[in-house]
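# Structural overview for review
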Amino acid sequence: MEHPIGIDFGGTGIKGAPVDLERGDFAQDRVRIDTPKPADPQSVAAVFQQIVDSFPSSTTPVGVTVPGIVRRGVVLSAANIDKSWIREDADAIFTEALGREVHVVNDADAAGLAEAEFGAAKGRDGLVMVITLGTGIGSALIWDGELVPNTEMGHLEIDGAVAESRAATSAREREGLSWEAWSERLTGYFRHLERLFTPDLFVVGGGVSKSWEKFGHLIEIETEIIPAKLENRAGIVGAALVAHRKAGQDD
């Protein structure tokens, strides 16, 4: 069985691997290549080709995460990538460049899907919110296993400030906040989400989830909140899952 390939496109690096969707993990070791400068679609497509060529010849679909809003394969925002992406049909560009079916998805949405299918939220029904804490705050809204895309919960305004400017991991590092002080901000953020959505479960991802024991118990909310399980594999796994599902829809 050929495995779909997931590619996680970030501001500094592009990583990819075939994904075994039975196990929800890499079928081979991932390959990483520095993100080109400028990171315009054509330059990035060339890196994608290098990554795909690193693995045995196949015709499997490819899923790609993008750090921006994606609607029907078209990129609508570009906060941390080249502005030339805006309004480009990334699905079409990469499908032509790679000579195989390619589907693009928001990076936080990909991570959320992976956690719902294989990780911390597996088997959980109802409304699950996967929140990734990093340079910004990413979000994925999952209802009974189905993704509601492009929620962008990090851009909510709380007390006159954009949430991610005060509660992202980057804010803690930039301001030298203690775990306790940062957790107070996270408490305010998650309480705001509780009031708006009344979720059944929060899953917290991003690199800082490895330090969950230092701050997780300090977040004082009513909703169950747990750390993500797939760590930095979530984007690649989720992208491959999206490609597999969309390829099935096209059959």
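Residues numbered from 1 in each chain as written. Predicted model: local features only at pLDDT ≥ 70, side-chain atom pairs only at ≥ 80, totals over all residues. Heavy atoms only, no water.

## Considering the layout of surface pockets
Here the largest pocket is characterised by a volume of approximately 1,300 Å³. Along the walls of the largest pocket sit 41 residues, with Pro67, Asp107, Thr132, Gly134 and Thr135 positioned nearest its centre. Elements supplying a minimum of two residues to the lining of the largest pocket: β1 (5–9), β2 (13–20), α3 (107–118), β9 (127–133), β10 (137–143) and α8 (234–250). A per-element tally of the lining of the largest pocket places α3 first, with four residues. Looking at side-chain class alone, the lining of the largest pocket contains 11 nonpolar, 21 polar and nine charged residues. By volume, the second largest pocket amounts to about 420 Å³. (1 Å grid on protein atoms, 1.4 Å probe; cavity = no way out; pocket = protein on both sides within 12 Å on 5 of 7 lines; lining within 4 Å. Points joined across faces, edges and corners; volume = space filled by probe spheres on them. Helix = DSSP H or I, 4+ residues; strand = E, 2+ residues; numbered from the N terminus. Nonpolar A, V, L, I, M, F, W, Y, C, P; charged D, E, K, R; others polar.)

## Overview of the confidence of the model for the protein
Taken over all residues, the pLDDT of the protein has a mean of 93, while the share at 70 or more is 98%. Considering each helix and strand of the protein separately, the mean pLDDT is smallest for α8, with a value of 88, and largest for helix α6 (residues 179–197), with 98. (pLDDT = per-residue confidence, 0-100.)

## Thoughts on the sheet that holds strand β15 (residues 225–227)
Pairing within the open sheet is mixed, and its five strands lie in the order β11-β10-β9-β14-β15. Looking along the sheet, the strands with just one partner apiece sit at the ends: β11 (146–148) and β15. Ignoring strand direction, the axes of neighbouring strands in this sheet form an average angle of 30°. On top of the sheet, α3 reaches β9, β10, β11 and β14 (201–205); it is set at about 45° to β10, its chief contact. α6 rests against β9, β10, β14 and β15 of the sheet, and its axis sits at about 150° to β9. (Pairing = 2+ DSSP bridges. Axes fitted to C-alpha atoms, helices over the stretch in contact; angles between N-to-C directions. Contact = heavy atoms within 4.5 Å.)

## Digging into unusual backbone geometry
Cis rather than trans, the peptide bond between lysine 37 and proline 38 has omega equal to 0°. Non-glycine residue arginine 87 carries a positive phi angle of around 70°. Relative to the helices and strands, arginine 87 resides in the loop between β7 (74–75) and α2 (90–98). Here threonine 198, not a glycine, exhibits a phi torsion of approximately 45°, which is positive. Here threonine 198 lies in the loop between α6 and β14.

## Structural notes on the pattern of salt bridges
Applying the stated criterion to the full structure yields seven salt bridges. In this structure, arginine 233 engages aspartate 25 in a salt bridge whose closest nitrogen and oxygen atoms are separated by 3.3 Å. Residue arginine 233 is located in the loop between β15 and α8, and its partner aspartate 25 is located in strand β3 (residues 25–26); the two are separated by 208 residues in the primary sequence. Looking at arginine 233, the relative accessible area reads 23%, which means it is partly exposed. For aspartate 25, a relative accessible area of 23% gives the class partly exposed. (Salt bridge = Lys/Arg side-chain N within 4 Å of Asp/Glu carboxyl O. Buried < 20%, exposed > 50% of the residue type's maximum accessible area, 1.4 Å probe, protein only.)

## Some points on the side chain of threonine 223
Here threonine 223 shows up in the loop between α7 (212–215) and β15. Residue classification places threonine 223 among the buried residues on the basis of a relative accessible area of 13%.

## Quick notes on the nonpolar core
Among the nonpolar cores identified, the biggest contains 28 residues, and Val19, Val128 and Val203 are the most heavily contacted of them. At the level of elements, β2, α3, β9, β10, β14 and α8 are the ones that each hand at least two residues to this core. Apart from the residues within four sequence positions on either side, valine 203 is in contact with Glu115, Ala120, Ala121, Val128, Met129, Val130, Ile131, Ile226, Pro227 and Ala228. (Core = buried A, V, L, I, M, F, W, Y, C linked by side-chain atoms within 4.5 Å.)

## Considering the packing of helix α1 (residues 41–53) against α2
Here α1 crosses α2 at 45°, and the two axes come no closer than 10 Å. The pairing of α1 with α2 is recorded here as oblique in orientation. For the crossing formed where α1 meets α2, the hand is right-handed. Contact residues: α1 offers Pro41, Val44, Ala45, Phe48, Gln49 and Val52, while α2 offers Ile93, Phe94, Ala97 and Leu98. (Parallel < 35°, antiparallel > 145°, perpendicular 65-115°, else oblique. Left-handed = near helix turned anticlockwise from the far one by under 90°.)

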